[in-house]
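Chain by chain, the residues:
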Amino acid sequence: TPEVVAPATAERVREAMSELRYRPNIFAKGLVSRTSRVLGIIMPDFMGEFYTQLLQSADTVAREHGYHVVVTSDTRLGSADAVQSLPLNFLDGIIALLTFPDRKLTKSLVDLNMPMVLIDTEEGVPGIDRVRIENEPGARQAAMHLLDSVAPADCFHVGGPASNFDAKDRAKAFGDVLRERAESVGRHQIMFGDFSADWGYEWGIANLRARRDTVTGVFAGNDEIALGVMSAASELGISIPGQLRVVGFDGTRICNIIRPALSSVAV
């Protein structure tokens with residue numbers, strides 16, 4: 001800083017660093033300052049547009065504040081083991097996405113006793129901040145948007161895994177809106193699978209063929225499921241939005257890439 005080093009001296013040091021291609025060692029700096037400026041992120045998966053955009057945004061904002069991020073996933077490990085795969089003694093804090101019930105992982109995180117933010121979990125932990133997606137109002141908006149032009153009996157929810165916090169909330173809110181408009185809701189109108197285009201395509205091929213003469217509304221659990229449903233419709237010769245109206249969830253870049261463009265609930 002100017003208070004410690006004269007400007008001319010600082011400039012000579014910078015020139016020497018450039019000439020020698022010196023790069024500061026953040027590990028060595030951390031030993032001296034007792035802060036690493038490194039944050040750990042635990043993800044349930046690396047696949048999918050939602051996770052990709054979340055990681056890009058986290059990395060961008062971290063860098064703006066002088067931090068770096070390291071990332072691990074619990075898909076290839078026991079979930080609690082994913083915590084141990086991070087350089088725990090070197091982190092200033094952790095961001096963890098807990099999209100499924102996992103008491104072992106939650107306990108492993110709490111036991112670390114370090115600054116932490118949990119994302120998506122339903123389970124409140126005293127002293128730890130949480131960030132929740134507003135699944136219920138978002139799903140209600142999607143359902144009401146479809147019901148503006150589609151009969152309740154012809155509206156369907158093609159959701160994610162039944163044990164996933166987001167998938168459960170979105171399915172429940174969608175079902176609640178349908179029940180407000182119809183006397184009953186069939187079990188076949190709310191289906192769980194996974195957050196993938198493959199699942200959306202599978203559902204579409206199995207269900208849309210017999211609905212060619214009926215206008216059908218689909219609220220997809222995320223944009224990738226919606227993409228799969230739309231792909232199935234295209235293969236079956238079903239027009240969008242003439243015969244099929246689709247709404248996704250997340251508001252990812254998929255919405256503007258596919259044609260016709262996808263309506264989606266932005267997170």
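As the structure is a computational prediction, the values presented were derived from the model and not from experiment.

Undergrad: Explanation requested: the nonpolar core in the structure shown.
TA: Generally speaking, a soluble globular protein has its nonpolar side chains buried in company with each other. Core analysis: the biggest nonpolar cluster contains 20 residues, and Trp 203, Leu 208, Val 229, Leu 244, Val 246 and Leu 262 have the highest contact counts within it. Of all elements in the fold, only strand S6 (155-159), helix H8 (197-207), strand S8 (216-220), helix H9 (223-236), strand S9 (244-250) and helix H10 (254-257) reach the threshold of two or more residues within this core. At six residues, H9 tops the list of elements feeding residues into this core. For Leu 262, the residues in contact, after removing those within four places along its chain, are Asp 223, Ala 226, Met 230, Val 246, Val 247, Gly 248 and Cys 255.

Undergrad: Just checking my understanding: could you explain the sheet that holds S9 for this structure?
TA: Consider a sheet: its strands pair through backbone hydrogen bonds, and that pairing is either parallel or antiparallel. Taken in spatial order, the five strands of this open sheet run S7-S6-S8-S9-S10, and their pairing is parallel. Looking at the sheet topology across the chains shown, the edges are occupied by strand S7 (190-192) and strand S10 (263-266). Each strand of the sheet is rotated relative to its neighbour by a mean of 20 degrees, with strand direction disregarded. With four bridges joining them, S8 and S9 adopt parallel strand pairing. Each bridged residue has a counterpart across the sheet, and for Val 218 the counterpart in S9 is Val 246. The sheet contacts of H8 involve S6, S7 and S8, and relative to S6 the element is tilted by about 145 degrees.

Undergrad: Sorry, what's going on with the pairing of S8 here?
TA: Among the five residues that make up S8, five are buried, leaving the element largely enclosed by the rest of the structure. Here S8 shows a buried face lined by Thr 216, Val 218 and Ala 220 and a second buried face lined by Gly 217 and Phe 219. After leaving S8, the chain enters H9 and then returns to the sheet as S9, a path that is right-handed.

Undergrad: What exactly am I supposed to notice about the packing of aromatic side chains here?
TA: The geometry of an aromatic ring pair is captured by two quantities: the separation of the ring centres and the angle between the planes. In the structure shown here, the tally under the stated rule is four aromatic pairs. An angle of 55 degrees between the planes, with centres 5.7 Å apart, marks the rings of Phe 156 and Trp 203 as tilted. Residue Phe 156 is located in strand S6, and its partner Trp 203 is located in helix H8; the two are separated by 47 residues in the primary sequence. This pair shows no difference in class: Phe 156 is buried, exactly as Trp 203 is. Within the aromatic cluster, the residues linked to one another by ring pairs are Phe 174, Phe 219 and Phe 249. The ring of Phe 249 has Arg 170 lying over it, and the distance from NZ or CZ to the ring centre is 3.8 Å.

Undergrad: Where do I start with the layout of surface pockets in this structure?
TA: Taking a probe equal in size to a water molecule and rolling it over the atoms shows the remaining empty space. Taken as a whole, the largest pocket encloses approximately 470 Å³ of empty space. What lines the largest pocket is a set of 27 residues, among which Pro 44, Asp 45, Tyr 51, Asn 164 and Phe 195 lie closest to the centre. Sort the elements by how many residues they give to the lining of the largest pocket and helix H3 (residues 49-64) lands first, with three residues. Considered as a void within the structure, the second largest pocket measures approximately 180 Å³ in volume. If you trace the second largest pocket, you find 14 residues lining it, with Ile 240, Pro 241, Arg 245, Val 246 and Ser 263 closest to the centre. Where the lining of the second largest pocket is concerned, the elements lending two or more residues are helix H6 (135-147) and S9. Tallying contributions element by element places S9 first for the lining of the second largest pocket, with four residues.

Conventions used here
- Residues numbered from 1 in each chain as written.
- Predicted model: local features only at pLDDT ≥ 70, side-chain atom pairs only at ≥ 80, totals over all residues.
- Heavy atoms only, no water.
- Core = buried A, V, L, I, M, F, W, Y, C linked by side-chain atoms within 4.5 Å.
- Buried < 20%, exposed > 50% of the residue type's maximum accessible area, 1.4 Å probe, protein only.
- Helix = DSSP H or I, 4+ residues; strand = E, 2+ residues; numbered from the N terminus.
- Contact = heavy atoms within 4.5 Å.
- Pairing = 2+ DSSP bridges.
- Axes fitted to C-alpha atoms, helices over the stretch in contact; angles between N-to-C directions.
- Right-handed = clockwise from strand over helix to strand, strands pointing away.
- Phe/Tyr/Trp six-rings, centres within 6.5 Å; stacked < 30°, edge-to-face > 60°.
- Lys NZ or Arg CZ within 6 Å of the ring centre and 35° of its normal.
- 1 Å grid on protein atoms, 1.4 Å probe; cavity = no way out; pocket = protein on both sides within 12 Å on 5 of 7 lines; lining within 4 Å.
- Points joined across faces, edges and corners; volume = space filled by probe spheres on them.

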